[in-house]
Amino acid sequence: MAVNICGTGSYIPSHIMDNNDIAALVDTSDEWIRERTGVERRHLVNGETTVSMACEAGRRALQYAGVSPEEVDLIIVSTISSNVILPCAACEVQNGLGAVNATCFDLSAACTGFVLAYNTAAAYLAGGVYSTALVIGSESLSNLIDWRDRGTCILFGDGAGAAVLRTDSRKMYLPVTHSDGGKGSALTLKSRHDRNVLDRSPQDRERYEGDGYFMQMDGKAVFQFAVKKVPEVIREVLEKNSVGQDEIDWFLLHQANKRIVDSVAKRLGGPIEKFPMDIQEYGNTSSASIPILLDEMNRKGLLKKGQKIVIAGFGAGLTWGASICDWM
Ligand code: UT7
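Owing to the predicted nature of the structure, the values given are computational and were not obtained by experimental measurement. (Residues numbered from 1 in each chain as written. Predicted model: local features only at pLDDT ≥ 70, side-chain atom pairs only at ≥ 80, totals over all residues. Heavy atoms only, no water.)

1. Topic: the site of the ligand
Around the ligand, the structure places 23 residues, and the nearest of them are Thr28, Lys220, His254, Asn257 and Asn284. Contact between the ligand and tryptophan 32: a nitrogen atom at 3.4 Å from a side-chain N or O atom of the residue. Note that a nitrogen atom of the ligand is positioned 3.0 Å from one of the backbone N or O atoms of glycine 219. When isolated, the ligand has an accessible area of 940 Å², and the protein chains bury 72% of it. When each cavity is represented as a set of grid points, the ligand is found to reside in the second largest pocket. Broken down by secondary-structure element, the contributors of at least two residues to the shell around the ligand are helix H2 (30-37), helix H6 (150-153), helix H8 (219-240) and helix H9 (258-268). Per-domain counts for the shell around the ligand show at least three residues from each of domain 1 (2-168) and domain 2 (176-326). (Near = heavy atom within 4 Å. Polar contact = N/O pair within 3.5 Å; in protein donor to acceptor, adjacent residues only side chain to side chain. Areas by Shrake-Rupley, 256 points an atom, 1.4 Å probe, with all protein chains shown as cover. 1 Å grid on protein atoms, 1.4 Å probe; cavity = no way out; pocket = protein on both sides within 12 Å on 5 of 7 lines; lining within 4 Å. Sits in = over half its atoms within 2 Å of the grid points. Helix = DSSP H or I, 4+ residues; strand = E, 2+ residues; numbered from the N terminus. Domains from an automatic or database assignment.)

Laid out in structure tokens, this is it:
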């Protein structure tokens with residue numbers, strides 16, 4: 001059995017921070033950020049939470065699909081920036097939507113998270129365990145960023161995207177995914193709960209100012225990894241499923257940096273028009289970037305029935321992967 005995306009939704013916070021606002025905080029410029037990343041502005045939470053954005057994106061996706069909350073039997077929220085640990089974000093979304101029949105859990109795989117959440121839901125659906133899934137990527141990365149570090153604060157943004165998946169009689173595609181924990185130091189963020197509670201002292205709070213409690217990234221290393229591994233994994237997934245590259249209508253890549261998307265398109269032989277981007281508006285929203293882009297394209301009417309789409313994610317772990325889907 002295969003799966004079909006039958007609805008999409010997203011939620012973008014209305015509060016905007018443009019590159020000039022960032023240049024007021026750190027030594028950078030609008031010109032540098034545009035040239036090196038493609039980002040012009042990003043939307044940041046201002047009262048919203050990872051859960052509230054996930055809930056709204058999920059609600060909009062269900063509405064689009066014409067699926068009632070009671071029909072959903074699986075909710076997966078991909079996030080590294082949840083405002084809750086217990087209960088998990090997916091259970092909070094279930095409660096917010098009234099999806100009383102759903103089984104709910106979160107998945108943490110940073111910028112590859114949506115691809116892995118999609119694959120997990122697809123495997124459950126294909127195996128006949130569930131028949132309707134709501135897969136959400138939601139991030140409030142602005143809470144995890146050191147706003148004094150120009151190597152990271154220029155890049156990231158907040159938001160949520162969601163897709164409704166249902167079983168379908170068409171061809172089943174197998175995904176390709178990889179992880180390399182040996183290269184984990186390229187992108188790190190310590191949990192603020194990593195210390196033994198008995199060790200806590202008044203000085204403890206100061207440790208949040210440093211020592212890895214904000215996101216740290218070796219941008220160059222991640223960039224080089226992405227431009228090499230993403231074209232490779234896309235070729236792998238096409239070969240595994242005996243699908244020709246020219247049969248693919250859209251390549252929806254994690255929106256990490258415009259130059260990464262440009263380079264992947266070039267290495268695969270383009271055309272760049274098949275590699276849509278919205279990073280200029282939202283920045284890098286980690287696991288939310290692919291479903292936000294998917295929803296934007298869907299609502300603009302760019303996705304046509306029968307089109308084939310590759311989604312590809314990459315990021316901390318290091319992790320990377322790609323999947324193929326038939327549209328509606
Ligand atoms: O989401 C998945 C994981 N993340 C990614 O995929 C991100 C991948 N990496 C990147 O997008 C890029 O590496 C960055 C955007 C983070 C950085 O761009 P870069 O072209 O790799 O810059 P760089 O770190 O190599 O720095 C080049 C120069 C340096 O100056 P010198 O040594 O050449 O004089 C930096 O000090 O640019 C300087 N620089 C900046 N200048 C102005 C670094 N950051 C900034 C800045 N503004 N924000």
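Text resumes after the structure shown.
2. Things to note about the domain arrangement of the chain
Segmentation of the chain into domains returns domain 1 (2-168) and domain 2 (176-326). Computed from C-alpha coordinates alone, the two centres of domain 1 and domain 2 are separated by 13 Å. For the domain 1 and domain 2 pair, buried surface summed over both sides reaches about 3,800 Å², with 59% attributable to carbon and sulfur atoms. The interface formed by domain 1 and domain 2 includes one salt bridge. Notably, a salt bridge pairs arginine 41 with glutamate 281, separated by 2.6 Å at the nearest N-O pair. Elements that contribute at least two residues to the side of domain 1 that touches domain 2 include exactly strand S1 (2-11), H2, strand S3 (41-43), helix H3 (50-65), helix H5 (113-126), strand S6 (132-140), H6 and strand S7 (158-168). For the side of domain 1 that touches domain 2, the leading source of residues is H5, giving six residues. Classifying every residue of the side of domain 1 that touches domain 2 gives 21 nonpolar, 20 polar and 11 charged. (Buried area = accessible area lost by both parts, 1.4 Å probe. Salt bridge = Lys/Arg side-chain N within 4 Å of Asp/Glu carboxyl O. Nonpolar A, V, L, I, M, F, W, Y, C, P; charged D, E, K, R; others polar.)

3. Concerning the nonpolar core
Counting residues in each nonpolar core, the largest one holds 49 residues, and the members touching the most others are Ile234 and Leu253. Breaking this core down by element, the ones donating at least two residues are H8, strand S11 (250-253), H9, strand S12 (308-315) and strand S13 (319-326). The element best represented in this core is H8, accounting for 10 residues. In terms of nonpolar packing, the next biggest core, distinct from the first, is built from 29 residues, Phe114, Tyr130, Trp250 and Ile290 among them. (Core = buried A, V, L, I, M, F, W, Y, C linked by side-chain atoms within 4.5 Å. Buried < 20%, exposed > 50% of the residue type's maximum accessible area, 1.4 Å probe, protein only.)

4. Side note on the sheet that holds S1
Spatially, the five strands line up as an open sheet ordered S1-S7-S6-S4-S5, and their pairing is mixed. Each edge of the open sheet carries a strand with a single partner, namely S1 and strand S5 (103-107). Taken over all neighbouring pairs, the strand axes of this sheet differ in orientation by 20 degrees on average, direction set aside. Taken together, the five bridges between strand S4 (residues 74-78) and S5 define a ladder with parallel strand orientation. (Pairing = 2+ DSSP bridges. Axes fitted to C-alpha atoms, helices over the stretch in contact; angles between N-to-C directions.)

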